[in-house]
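So you can see what is in the structure, the chains are spelled out below.
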Amino acid sequence: MENIFLANAWLILALPFAAFLGIVAFTLGHKRLSGYLTIAGVGGAFLVSVGVLAAVTAGGSVHLSFPWYVLGETHFELGLLIDPLTAIMLIVVTGVSLVVQIYSQGYMHGDPGYSRYFAFMALFTTSMLGLVLAPNFLQLYIFWELVGLCSYLLIGFWYRKPEAAAAAKKAFITTRLGDLGLLIGILLLYWNTGTFSFGGIAQVIAGHTLPEGLITTAAVLVFCGAVGKSAQFPLHVWLPDAMEGPTPVSALIHAATMVAAGVYLVARVFEIFSASPTAMLVVAVIGAITAFLAASMGLVMTDIKRVMAYSTISQLGYMMLALGVGSYLGGVTHLANHAFFKALLFLGAGSVIHATGAQDMDEFSGLGSKMKITAGTLLVGSLSLAGIFPFSGFWSKDEILAGALQRTDNPLLVFLGLVGVLVAGMTAFYIARMWLRTFTGEFRTPAPAGAHGGGHGSHEGHGSVHESPWVMTVPLIALAIPALLSGLLGSDLTGQWYGHFLEGAEFHPESLNPLVAGGSTIVTLGGLFLAWATYSKKWISAPAVQRQFSGVHRWLVNKYYLDDLYLWLIRRVVIGGSDAFQWFDLHIVDGVVNGVGRTLAATGSALREFQTGRVQNYGLAFFGGVVIVVVFTVFLR
Amino acid sequence: MSDPLVTLVFYGIAAVTIVAAIGVVSLRNIYRAALCLVLTFLGVAGVYILLNADFVAVMQVLIYAGAVTTMLLFAIMLTRSPGSPRSNAANRQSGLALFAVLVLVVLLVLALGTAVWPQTAPVAAQSSVDVLAKQLFTTYALPFEIASVLLLAAMVGAIILARED
Amino acid sequence: MLTLTLNHFLVLGAILFCVGLYGALAKGHAVAVLMGIELMLNSVNITLVGFARFLAPDQLLGQVFAVFVITAAAAEAAVGLAIVLVVYRQRRTVNVEEVDLLKW
């Protein structure tokens, strides 16, 4: 604890929280000041995080824990845990958050809820950092719910818009389903190990005293929480709707950090999962299914933010697949790389939306000449997402695919790896489609307000589309740098720094598998080429393909009808069940209760006649009773 | 107690007492009922004498036949309802009460008439007053004092209840 | 039959008790009810004194109890008759059947 940064790591939590309190208490009326306060708080946290990363690289760590309250034999503890995984997450969270806060100054400019927005953002950053720093399940769960709350508040930031309010509710309730599993899993683990602490649980697991079935159950339950938070199949339906929130929120919460919390959780308690092959298989299968389904839906979406949302779900599935096949390194590095390039993509999309006032790719095209910085940085992000050498996505994706394809002990895992390769191609296609349709081709923006009979705000005519202000473009550039380079940290160029840093002595450097790298690159390039051929050269007619496969297209556009299925289930099962219970309550339960009451009241009215108020009647009854009792006991026994 | 004459006297006193008691509960005129009550009390005093309880017998005559009866007669006079010939009427449940009481009396007489008690030592021929006084002023001194407080409380209570205000 | 035993006195007490009970239960006049109660108390006294005479003649505990019963009975008669007077003043009646406030 010599290191000044490690000794003061609590500042990482305290600074953004102080910003939140400051805004709520003092500066709600001063918009600019609120924004600066959040930037200052998050910036401070970022600086400390950088120092912490340096210290951890030098071999430092923090294991701090103090009693919160004691209940008999049970100690509930709070604390800080800083290890390599945490250090990387800290950089990702504070870094992306800082960039997003700066960007938000431009994006949210003039919004009436400006101060409230920055207060929520500061609170979210605090909560996310608390989640990352938590040394035990209890604290993690507290912050887990706090980020869920912030997500709810920020999705529904424009709460006057019915879609936003509905999306906020949907996100909250859907993730709550998973959180219930997480809570049960935590309690199950506590019940059997007697501790909430990650280290303590890992020790118990390593002792091989727990039955494997129990570990599997607990791991799958914990994974339920990750499924909800990280929008994995079948609870992924909330994330696309969450795009109703402001775009910087989508970038920070629903792309880079909070949705990655599920992946982080699985990585954090990787010891539990590795102890149960079944649980690992579940993680891998769910991850692969999610990656494929989301990518396929991303192929047909026309809303630019929804493309990003499905891409996020798909990439999160990728990370889960990585963890499921045992590639801890692949999962965590992809989490970090994805955070940067996906935040970049979202902020770029936000820049487009800010400029045109529209989100649907049918409404604009050819913006590249007007928005050079946005187009350029988005290209970097897109290529990184697609996984083109040497962009960051290439390295982690390759790590994941290699990890899956090497698992020749289980054919299913190899198959999942092949699914991953296919998904890489689909990813390349849909992101290229997004970029090409937005920035190339004939210049087109939404028609002026008059022509449509409805408005897109102040953007009138063609000439008004222009590059976003510098507070928005500088963050784009700032994010393009890690999107371009962060992957190199996992490459031979840096001696595979990621691997050494995260896994320490256990790490065995492996050079690139040329078959995997080459194969996936070919598939990716194929996807890019297909998109180029379709949307740039028009060799392939998109509408024709759409007609050809109209059935498939309808399935995809309607999101496999999963939303409708859930809605139907809720209507039928939940509401129908509620009606049945209500009938039962009204007629049976109330009937019994009222019946008991009425019977007693009637009995009372009848018995009341016996109370004459005349003492002699009572006396006669008394002595008559004595006579009867004596006669019975003496003569009739 | 084996003297047949004593036994005969007991039967006589018992007959008078029971008849007088029945008179108390059956005579229509409440004044006559009260007078029968005096006769009953006197009969009971006679029974006490037969039982060697001369002090209790004197108390019986003084308190019951004298004081209580006088109070009863005062109460009857003070609450006289004008023009009520059947001043000692039975109420509506008298038939049922009579039946219950008859059954009870049969049961009690059957039970008590055939009961067997342990034989005891012959009677010491001494005045019961000595023994009684010793008991009352030694072992039972406290209840004795409490009884006097009870009487005081009853006196105060009766005055407060009955005074005109 | 010619030898007096405890049972003779007990039976006498029982008969007196039942007569008194009838008076207490079946009479309308409040004073008559009180008289029935006095009869019952007397019957109990006979029983007590009888037990004292036949079962523990050297201690005479029964007579002690009889003295206390007489005391209590005197107090009861005084208060009871005072209550009768109050009731009569309030309601112009001494018929216990008409005094039935002791109910809902």
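Here is what the cut-offs are and how they apply
- Residues numbered from 1 in each chain as written.
- Chains lettered and ligands numbered in written order.
- Predicted model: local features only at pLDDT ≥ 70, side-chain atom pairs only at ≥ 80, totals over all residues.
- Heavy atoms only, no water.
- Helix = DSSP H or I, 4+ residues; strand = E, 2+ residues; numbered from the N terminus.
- Buried < 20%, exposed > 50% of the residue type's maximum accessible area, 1.4 Å probe, protein only.
- Contact = heavy atoms within 4.5 Å.
- Areas by Shrake-Rupley, 256 points an atom, 1.4 Å probe, with all protein chains shown as cover.
- Buried area = accessible area lost by both parts, 1.4 Å probe.
- Salt bridge = Lys/Arg side-chain N within 4 Å of Asp/Glu carboxyl O.
- Polar contact = N/O pair within 3.5 Å; in protein donor to acceptor, adjacent residues only side chain to side chain.
- Nonpolar A, V, L, I, M, F, W, Y, C, P; charged D, E, K, R; others polar.
- Phe/Tyr/Trp six-rings, centres within 6.5 Å; stacked < 30°, edge-to-face > 60°.
- Lys NZ or Arg CZ within 6 Å of the ring centre and 35° of its normal.
- pLDDT = per-residue confidence, 0-100.
- Patch = residues over 30% accessible without salt bridge, like charges linked within 9 Å, V, L, I, M, F, W, Y side chains within 5 Å.
- Core = buried A, V, L, I, M, F, W, Y, C linked by side-chain atoms within 4.5 Å.
- Pairing = 2+ DSSP bridges.
- Axes fitted to C-alpha atoms, helices over the stretch in contact; angles between N-to-C directions.
- Parallel < 35°, antiparallel > 145°, perpendicular 65-115°, else oblique.

What follows covers the overall build of chain C. A tally of helices and strands in chain C yields three helices and zero strands. Along chain C, helices (α) and strands (β) appear in the sequence α-α-α when read from the amino end. The buried share of chain C, taken over its 104 residues, is 64%. For chain C, the proportion of contacts with a sequence separation of at least 24, taken over those separated by at least 6, is 55%. When the accessible surface of chain C is summed, it comes to about 3600 Å², and 69% of that surface belongs to carbon and sulfur atoms.

Let's shift gears to the overall build of chain A. When you go through chain A residue by residue, the secondary structure sums to 27 helices and two strands. Going through the 637 residues of chain A one by one, you find that 54% of them count as buried. Sequence-distant contacts, at least 24 apart, represent 79% of the contacts inside chain A between residues at least 6 apart. Total accessible area computed for chain A in this model is approximately 26800 Å², and 69% of it derives from carbon and sulfur atoms.

With nine residues of chain B at the contact, the number on the chain A side is eight residues. Of the roughly 750 Å² buried between chain B and chain A on both sides combined, carbon and sulfur atoms contribute 71%. For the chain B face of the interface with chain A, the top three residues by lost area are Gln93(B), Leu104(B) and Leu107(B), together amounting to 54%. Seen at the junction of chain B and chain A, the total is zero salt bridges. At the boundary of chain B and chain A, one finds two residue pairs in polar contact (both at pLDDT 80 or more). For the side of chain B that touches chain A, a count of residues per class yields six nonpolar, two polar and one charged.

Right, let's get into the packing of aromatic side chains. All names here are of chain A. As enumerated under the stated definition, the model contains 27 aromatic pairs over all chains in all. By way of ring pairs, the aromatic residues Trp68, Tyr69, Phe76, Tyr190 and Phe196 are connected into one cluster. Across the ring face of Phe172, the terminal group of Arg176 is positioned such that the distance to the ring centre comes to 4.8 Å.

This part takes up the confidence of the model for chain C. Per-chain confidence: chain C averages 88 in pLDDT, with 97% of residues scoring 70 or above. In the model output, the complex is listed with pTM 0.66 alongside ipTM 0.90.

Next up on the list: the pattern of salt bridges. Residue and element names in this part refer to chain A. Inspection of every chain in the model, using the stated rule, returns nine salt bridges over all chains. The partner of Arg176 in a salt bridge is Asp179, and the shortest N-O contact between them spans 3.6 Å. Of the two residues, Arg176 and Asp179 both sit in helix α7 (residues 162-193), three residues apart, roughly one turn of that helix. A network of salt bridges, in which partner residues are shared, links Lys170, Asp241, Arg306 and Asp563.

Take the confidence of the model for chain A next. Summarising the model, chain A shows a mean pLDDT of 84, and 96% of its residues fall at 70 or more. Across residues 448-462 of chain A the pLDDT falls below 50, and counting only partners more than four positions away or on other chains, this stretch makes 16 contacts in the model.

Position of Phe10(B) among the secondary structure elements: in helix α1 (residues 4-26). Taking the C-alpha atoms as reference points, Phe10(B) and Val47(B), separated by 37 residues in sequence, lie 7.1 Å from one another. Residues in contact with Phe10(B), not counting those within four places in the same chain, are Leu50(B), Leu4(C), His8(C), Phe9(C) and Leu12(C).

So, on to the interface of chain C and chain B. Interfaces are often sized by the accessible area lost when the parts come together. At the junction of the two partners, chain C supplies 69 residues and chain B supplies 83 residues. Taking both partners together, chain C and chain B bury about 6900 Å²; carbon and sulfur atoms supply 76% of that area. The tally of links between chain C and chain B comes to one salt bridge. The partner of Glu97(C) in a salt bridge is Arg92(B), with the nearest N and O atoms 3.3 Å apart. Listed by contribution, the elements that provide at least two residues to the side of chain C that touches chain B are α1 (6-26), α2 (30-55) and α3 (61-91) of chain C. The greatest single-element share of the side of chain C that touches chain B, amounting to 23 residues, is contributed by α3(C). Here the residues of the side of chain C that touches chain B are counted per class, giving 51 nonpolar, 12 polar and six charged.

So, on to a nonpolar patch on the surface. Residues and elements named next belong to chain A. Side chains of Phe529, Leu530, Trp532, Trp539, Ile540, Val545, Phe549 and Val552 sit close together on the surface and give an oily, nonpolar patch of about 780 Å² of accessible area. The element that contributes the greatest number of residues to the nonpolar patch is helix α23 (residues 514-536), accounting for three residues. By secondary structure assignment, the location of Val545 is in helix α24 (residues 542-548).

Moving on, we get to the side chain of Gln93(B). With respect to the element layout, Gln93(B) can be found in the loop between α3 (54-78) and α4 (94-113). At a separation of 2.8 Å, a polar atom in the side chain of Gln93(B) contacts the side chain of Asn617(A). Once residues within four sequence positions are removed from consideration, Gln93(B) is found in contact with Gln616(A), Asn617(A), Leu620(A) and Leu25(C).

The next subject is the nonpolar core. Grouped together as the largest cluster of nonpolar side chains are 185 residues, with contacts concentrated most on Phe124(A), Phe137(A), Leu140(A), Leu154(A), Phe223(A), Ile272(A) and Phe273(A). By residue number, the principal contributor to this core is helix α16 (residues 328-356) of chain A, which donates 17 residues. Sequence-distant contacts of Ile272(A), that is, excluding residues within four places in its chain, are made with Phe137(A), Leu189(A), Ile201(A), Ile205(A), Ile215(A) and Ala219(A). Ranked by size, the runner-up nonpolar core spans 74 residues in total, among them Ala53(B), Ala57(B), Leu10(C) and Leu34(C).

Okay, the pairing of strand β1 (residues 62-71) of chain A next. Residues and elements named next belong to chain A. In the sheet, β1 pairs with strand β2 (residues 74-82) via nine bridges, with the strands oriented antiparallel. When the bridges of β2 are listed, Leu71 appears paired with Thr74. From the end of β1 to the start of β2, which pair antiparallel, there are two residues, and Gly72 there has a positive phi angle of about 65°.

A few words now on the environment of Ser311(A). All names here are of chain A. By the secondary structure assignment, Ser311 is in helix α15 (residues 304-324). Residues Ser311 and Ala255, 56 residues apart in the sequence, show an inter-C-alpha distance of 9.2 Å. In this structure Ser311 touches Lys342, Leu385 and Tyr430, once residues within four positions along its chain are discounted. A distance of 3.2 Å separates the side chain of Ser311 from the side chain of Tyr430, its partner in a polar contact.

Along the chain, Lys170(A) turns up in helix α7. C-alpha separation for the pair Lys170(A) and Asp241(A), spaced 71 residues apart in sequence, amounts to 8.0 Å.

Another aspect to go through is the packing of helix α6 (residues 141-162) of chain B against α3(C). At their nearest, the axes of α6(B) and α3(C) sit 9 Å apart, and the two run at 10° to each other. Relative to α3(C), α6(B) is oriented roughly parallel. Packed against α6(B), whose contacting residues are Pro143(B), Phe144(B), Ala147(B), Leu150(B), Leu151(B), Ala154(B), Ala158(B), Leu161(B) and Ala162(B), the element α3(C) presents Phe68(C), Thr71(C), Ala72(C), Ala75(C), Ala78(C), Val79(C), Ala82(C), Ile83(C), Leu85(C), Val86(C) and Arg89(C) at the interface. In terms of residue class, the contact of α6(B) with α3(C) is built from 18 nonpolar, one polar and one charged.

A few words now on unusual backbone geometry. The omega torsion of the bond from Phe233(A) to Pro234(A) falls at 5°, within 30 degrees of zero and hence cis. Looking at where Pro234(A) falls in the secondary structure, it is placed in the loop between α9 (212-229) and α10 (238-241). Here His208(A), not a glycine, exhibits a phi torsion of approximately 55°, which is positive. With respect to the element layout, His208(A) can be found in the loop between α8 (198-206) and α9. What makes His208(A) exposed here is its relative accessible area of 71%. Unusually for a residue other than glycine, Arg92(C) sits at a positive phi of about 60°. Here Arg92(C) falls in the exposed class, since its relative accessible area comes to 58%.

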